[in-house]
Amino acid sequence: MQNFIFHNPTKVAFGKDSIAELKNLLPADAKVLLLYGGGSIKKNGVYEQVVAQLGDHQWFEFSGIEANPEFDTLMQAVAMVKEQQIDFLLAVGGGSVVDGTKFVAAAANFEGEPWDILAKGAEVKSAIPLGCVLTLPATGTETNTASVVNRQELGKKLAFLSDHVRPQFAILDPQVTYSLPERQLANGVVDAFVHVIEQYLTYPVNATVQDRFAEGILQNLIEIGPKVFEPNNYEVRANLMWNATQALSGIVGVGVPQDWSTHIIGHELTALYNLDHAVTLAIVLPQMLRHQRKVKRGKLLQFAERVWHLDISDEEAAIDKAIDSTEAFFRQMGMKTKLTEHNIDDSVIRLVPRKLMENGIMQLGENADMTPKDAEIVIRAAM
Ligand code: NZQ
Ligand code: ZN
């Protein structure tokens, strides 16, 4: 196992009616900016529940954060934060709202051009504190340090990481997921699944807790995946929510090599074709595993045996079956796993490696031995 420091201080309030905890979690006297997306929280009653908890706080609101949050929109929120001298940000929504709020938190305190945080990895020295009420279990952003921001005019979707933007608290009430459309529930299952894979399916370092934890989450997701579409099934939604949080809270990834090549290529597909984040992962991951089967051999066999319960006496057949089963699981969740199924033509084969190079991404994978050329092979196979 590799060395690590683990510290995840996000306070989680989980369960039925946990939005009622908000009044206890908000810092006293905070001047709050409530940030949200396109209006789902107004239709499902979450907005009213949140507002009821704001009590005597002085508060303002900023709406319209898009799925795949847009840089320009977020900069409007930054202007509002400065103008109103906001000192606490409350994100209410899915991963895009929480990620967008993290960027606003960092950009509001940043001296210089905020785009550099994403494009040049400029150091984030401080941020406005934030908390969140999560409405879509998928990304894990509610307790982690990551944020992904889109800038359509440049065709770029880029991420940054900072301890300063980890939410102080995350409120997780599984009941708020009842209003999610099937498409977003499927996205949640697939995104969480691939988060675990990116941290688990690399090469073995004898990290037994991380491995068993990862295998547990993967098996949970396979088991509950088809049931997440059942309306108002609290137990299933509760487990979806906590699995998704833990898939990217940091605990699975400590002390182990990590990959993230599927995500990085997926972000390029979203920037190019506006595909949902998880939709891109369902396309890339199966081909990525096939392309990297030699490098990932040890862990692929472990995955085959422990997650898919396959007989691994014929090792090549077991690896084939494990990857095929993963792809079949995505399809069972309603995902298309080929680019042509999304009416994307083969110019994508040339565009993705070019975009990676433009963004300075020349090395991918747990050994940093994949290049944009490998991405081209993966994309070609995913046609
Ligand atoms: O905008 P509203 O009206 O709220 O509607 C949203 C949006 O249209 C809707 N929605 C959310 N909660 C709902 C709901 N509709 C009905 N009922 C509810 N309870 O769902 C749509 C999609 O929301 P979005 O926030 O975009 O989805 P998700 O949570 O999947 O987030 C995706 C974003 O997170 C990034 C992705 O790249 C993408 O930009 N990621 C962030 C990560 C992180 N910070 O750690 C890791 C991930 O790998 C990912 O990259
Ligand atoms: Zn993801």
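Residues numbered from 1 in each chain as written. Chains lettered and ligands numbered in written order. Predicted model: local features only at pLDDT ≥ 70, side-chain atom pairs only at ≥ 80, totals over all residues. Heavy atoms only, no water.

### Quick word on the site of ligand 1
The environment of ligand 1 is made up of 31 residues, and the closest members are Ser-40, Gly-95, Ser-96, Lys-157 and His-195. Asn-144 is positioned with one of its side-chain polar atoms (N or O) 2.9 Å from an oxygen atom of ligand 1. Lys-157 is positioned with one of its side-chain polar atoms (N or O) 2.6 Å from an oxygen atom of ligand 1. When isolated, ligand 1 has an accessible area of 960 Å², and the protein chains bury 89% of it. Elements represented by at least two residues in the shell around ligand 1 include exactly helix H5 (95-108), strand S6 (146-151), helix H7 (182-200) and helix H10 (261-273). The residue makeup of the shell around ligand 1, split by class, is 9 nonpolar, 19 polar and 3 charged. (Near = heavy atom within 4 Å. Polar contact = N/O pair within 3.5 Å; in protein donor to acceptor, adjacent residues only side chain to side chain. Areas by Shrake-Rupley, 256 points an atom, 1.4 Å probe, with all protein chains shown as cover. Helix = DSSP H or I, 4+ residues; strand = E, 2+ residues; numbered from the N terminus. Nonpolar A, V, L, I, M, F, W, Y, C, P; charged D, E, K, R; others polar.)

### Side note on the nonpolar core
In terms of nonpolar packing, the biggest core is built from 66 residues, with Ile-265, Phe-303, Phe-330, Leu-339 and Val-348 touching the most fellow members. Ranked by residues supplied to this core, first place goes to H7 with 10 residues. In contact with Val-348, not counting residues within four places along its chain, are Leu-269, Tyr-273, Leu-339, Pro-353, Ile-379 and Met-383. (Core = buried A, V, L, I, M, F, W, Y, C linked by side-chain atoms within 4.5 Å. Buried < 20%, exposed > 50% of the residue type's maximum accessible area, 1.4 Å probe, protein only. Contact = heavy atoms within 4.5 Å.)

### Some points on the layout of surface pockets
Size it by volume and the second largest pocket reaches roughly 200 Å³. Considering every element that reaches the lining of the second largest pocket, the biggest residue donor is H7, with 4 residues. Classifying every residue of the lining of the second largest pocket gives 6 nonpolar, 3 polar and 4 charged. (1 Å grid on protein atoms, 1.4 Å probe; cavity = no way out; pocket = protein on both sides within 12 Å on 5 of 7 lines; lining within 4 Å. Points joined across faces, edges and corners; volume = space filled by probe spheres on them.)

### Re the environment of Pro-204
With respect to the helices and strands, Pro-204 occurs in the loop between H7 and helix H8 (208-224). For Pro-204 and Leu-310, which are 106 residues apart along the polypeptide, the C-alpha to C-alpha distance reads 19 Å.

### Here we look at unusual backbone geometry
Phi angles above zero are rare outside glycine, and Asn-68 is one such case at about 60 degrees. The residue Asn-68 is located in the loop between strand S3 (59-62) and helix H4 (71-83) in this model. Even without a glycine there, the phi angle at Asn-274 is positive, about 60 degrees. Note on placement: Asn-274 falls in the loop between H10 and helix H11 (277-291). Owing to a relative accessible area of 56%, Asn-274 belongs among the exposed residues under this scheme.

### Considerations on the packing of aromatic side chains
Under the counting rule described, the total for this entry stands at 11 aromatic pairs. Their ring planes at 70 degrees and their centres at 5.7 Å tell us that Phe-14 and Trp-242 sit as a pair that is edge-to-face. Placement of Phe-14 in strand S1 (residues 11-14) and of Trp-242 in helix H9 (residues 234-247) is noted, with a sequence separation of 228 residues between them. Overall, Phe-14 belongs to the partly exposed group, its relative accessible area being 35%. On the basis of relative accessible area, Trp-242 is assigned to the partly exposed category, the value being 37%. Taken together, the ring pairs in this structure connect Phe-71, Phe-103, Trp-115 and Phe-160 into an aromatic cluster. Looking at Lys-42, its charged tip hangs above the ring of Tyr-47, at a distance of 4.5 Å from the centre. We note Arg-151 situated over the ring of Trp-115; from NZ or CZ to the ring centre the distance is 4.8 Å. (Phe/Tyr/Trp six-rings, centres within 6.5 Å; stacked < 30°, edge-to-face > 60°. Lys NZ or Arg CZ within 6 Å of the ring centre and 35° of its normal.)

### So, the side chain of Glu-376
When you line up the elements, Glu-376 lands in helix H15 (residues 372-381). Note on Glu-376: relative accessible area 18%, which makes it buried. Residues in contact with Glu-376, not counting those within four places in the same chain, are Ile-349 and Pro-353.

### With respect to the sheet that holds strand S4 (residues 88-93)
The strand order across the open sheet formed by 6 strands is S1-S8-S5-S4-S2-S3, and the pairing between neighbours is parallel. If you trace the sheet from one side to the other, it starts and ends with S1 and S3, each paired once. The sheet shows a mean angle of 15 degrees between the axes of neighbouring strands, taken without regard to direction. Examined bridge by bridge, strand S2 (residues 32-36) and S4 share 5 bridges and lie parallel to one another. Following the sheet pairing, Leu-35 is matched in S4 by Ala-91. Here H5 sits on the sheet and contacts S2, S4 and strand S5 (130-134); the angle it forms with S4, its principal contact strand, is near 165 degrees. Across the sheet, H9 touches S1, S5 and strand S8 (169-172), and the angle it forms with S1 is around 170 degrees. (Pairing = 2+ DSSP bridges. Axes fitted to C-alpha atoms, helices over the stretch in contact; angles between N-to-C directions.)

### With respect to the packing of H10 against H11
With their axes 8 Å apart at the nearest point, H10 and H11 run at an angle of 130 degrees to one another. Taken together, the axis directions place H10 and H11 in an arrangement best described as oblique. Classified by chirality, the crossing of H11 by H10 is right-handed. Listed contacts from H11 to Ser-261, Thr-262, His-263, Ile-265, Gly-266, His-267, Leu-269 and Thr-270 of H10 are His-277, Thr-280, Leu-281, Val-284, Leu-285 and Met-288. Residues of the contact of H10 with H11, tallied by class, amount to 6 nonpolar, 8 polar and no charged. (Parallel < 35°, antiparallel > 145°, perpendicular 65-115°, else oblique. Left-handed = near helix turned anticlockwise from the far one by under 90°.)

### Focus: empty space enclosed by the protein
Under the definition given, this model contains 1 cavity of 30 Å³ or more. Each pocket or cavity is described by its volume, and for the largest cavity that value is around 30 Å³. Residue lining of the largest cavity: Ile-197, Glu-198, Leu-201, Asp-259, Thr-262, Leu-285, Met-288, Leu-289 and Lys-296, and that is the complete set. When residues of the lining of the largest cavity are traced back to their parent elements, those giving at least two are H7 and H11.

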